[in-house]
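A look at the structure
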Amino acid sequence: MNIDGKPYRTIWLGADGVSAEIIDQTKLPFALEIVALCTLEDAAHAIASMQVRGAPLIGATAAYGVALAMADDASDAGLARACEVLAATRPTAVNLRWALDEMVAELQPLPADARVAGAFARAAEICDEDVETCRRIGEHGVGLIEAHAAHKGGETVNILTHCNAGWLATVDWGTALAPIYQAFDRGVPVHVWVDETRPRNQGASLTAFELGAHGVPHTIVADNAGGHLMQAGLVDLCLVGTDRTTANGDVANKIGTYLKALAAKDNGVQFFVALPHSTIDWTLEDGADIPIEQRDPGEVTHMTGQLPGGQVATVAVAPPGSHAANYAFDVTPRGS
Ligand code: MRU
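Presented here is an overview of the structure given in this document. (Residues numbered from 1 in each chain as written. Predicted model: local features only at pLDDT ≥ 70, side-chain atom pairs only at ≥ 80, totals over all residues. Heavy atoms only, no water.)

Attention now moves to the environment of Ile-290. Structurally, the position occupied by Ile-290 is in the loop between β13 (280–281) and α10 (298–301). Judged by relative accessible area, which is 5%, Ile-290 ranks as buried. Taking the C-alpha atoms as reference, Ile-290 lies 9.2 Å from Val-251; in sequence the two are 39 residues apart. Setting aside anything within four residues of it in sequence, one finds Ile-290 in contact with Thr-92, Arg-244, Thr-246, Ala-252, Leu-284 and Val-331. (Helix = DSSP H or I, 4+ residues; strand = E, 2+ residues; numbered from the N terminus. Buried < 20%, exposed > 50% of the residue type's maximum accessible area, 1.4 Å probe, protein only. Contact = heavy atoms within 4.5 Å.)

Below, the structure is given as structure tokens:
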């Protein structure tokens, strides 16, 4: 997708052919900074610190992390260590494990001297596949939005989304936002309610940024506004992404998704989850078995933003000494 008219992906092979470059998402929306990942540790840090985030992009970064590790040590032990380090970065998004499995399947049969080239090639392929999959999610989902537009006689379709499941969460296009981009590009009138998504505010900082960069009309709302908007008839459908979906269809997504699904059910609003195959965990039958990441409580007691002078600062929003808990995801049971 475009930023200031220039097409970007979220991760790409560096000009030197042996590094990967990313958009540092911890700096958005206030600065567009590109960071080069040159080692396994750089890739692991990028995922753990959320310079990159979003399930499909975490997987793509892990794939490049393995390639970077191979450049340093292409032995079986080097491959095993790379997988161990990367697997420990974030627990919930299953795309991470999926990508590592893909890399191992590709590299294990190769002699060590062919593994660097093989790893970079497979990582690039995983990225390309993600772009195509997300483009097709958009193609598949755009009909839902067109149907609402037809039903409303061409009036604006209001879509609520939670967190960031746009192109910044993937390599390009996004999952939940892909149908919205395609609808917008086809001239369907759309407007997106963007949940700010506490505690890290990926809705306010990332979803609003990328929708704005593409020109899609949107309004940021506090997470708690969704139920009210649905009661007032201001939401035609909800479209969200997922970090892991179990074999029975239970959906782990950013904390607060479940409450939106409950409000949608109570108000008869359609609620859809858009996902690629790499987000399905076929080894788990039940959403209750999905590991839910608990992050630094400081993300709840503090907020980061831009001061009037342009400086980015983190400030406390809670009394010092109050205990906080930071559950990063919740599980929405499959629809009945
Ligand atoms: O913690 P994050 O930012 O990696 O969480 C991922 C998300 O942004 C959402 O949960 C998203 O809806 C699923 S990833 C397409």
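Anyway, onward from the coordinates.
What follows deals with the sheet that holds strand β4 (residues 20–23). Read across the open sheet, the three strands follow the order β3-β4-β5; overall the sheet is antiparallel. Sheet topology places β3 (11–13) and β5 (34–37) at the edges, where each strand pairs with a single neighbour. The average angle at which neighbouring strand axes cross in this sheet is 25°, direction not considered. Bridging between β3 and β4 involves three bridges; their strand directions are antiparallel. (Pairing = 2+ DSSP bridges. Axes fitted to C-alpha atoms, helices over the stretch in contact; angles between N-to-C directions.)

Turning our attention to the packing of aromatic side chains. Following the criterion strictly, the structure yields two aromatic pairs and no others. With 6.4 Å between their ring centres and 55° between their planes, Tyr-8 and Trp-12 make a pair best called tilted. For Tyr-8, a relative accessible area of 14% puts it in the buried group. For Trp-12, a relative accessible area of 23% translates into the label partly exposed. Here Tyr-64 and Phe-120 contribute two aromatic rings whose centre-to-centre distance is 6.2 Å and whose plane-to-plane angle is 55°, an arrangement assigned as tilted. With Tyr-64 in helix α2 (residues 55–72) and Phe-120 in helix α5 (residues 115–151), this residue pair connects regions lying 56 residues apart in the sequence. Cation over ring: Lys-254 sits above Phe-329, and NZ or CZ is 4.4 Å from the ring centre. (Phe/Tyr/Trp six-rings, centres within 6.5 Å; stacked < 30°, edge-to-face > 60°. Lys NZ or Arg CZ within 6 Å of the ring centre and 35° of its normal.)

Around the ligand lies a shell of 18 residues, among which Arg-53, Arg-90, Asp-243, Asn-253 and Lys-254 are the nearest. One of the side-chain N or O atoms of Asp-243 is found 2.6 Å from an oxygen atom in the ligand. Contact distances for the ligand include 2.6 Å between an oxygen atom and a side-chain N or O atom of Asn-253. For the ligand, the protein covers 100% of the area, taking 410 Å² as the surface of the free molecule. More than half of the atoms of the ligand fall within 2 Å of the grid points belonging to the largest cavity. For the shell around the ligand, the secondary-structure elements that each account for two or more residues are α2 and β11 (251–254). Split into classes, the residues belonging to the shell around the ligand amount to seven nonpolar, seven polar and four charged. (Near = heavy atom within 4 Å. Polar contact = N/O pair within 3.5 Å; in protein donor to acceptor, adjacent residues only side chain to side chain. Areas by Shrake-Rupley, 256 points an atom, 1.4 Å probe, with all protein chains shown as cover. 1 Å grid on protein atoms, 1.4 Å probe; cavity = no way out; pocket = protein on both sides within 12 Å on 5 of 7 lines; lining within 4 Å. Sits in = over half its atoms within 2 Å of the grid points. Nonpolar A, V, L, I, M, F, W, Y, C, P; charged D, E, K, R; others polar.)

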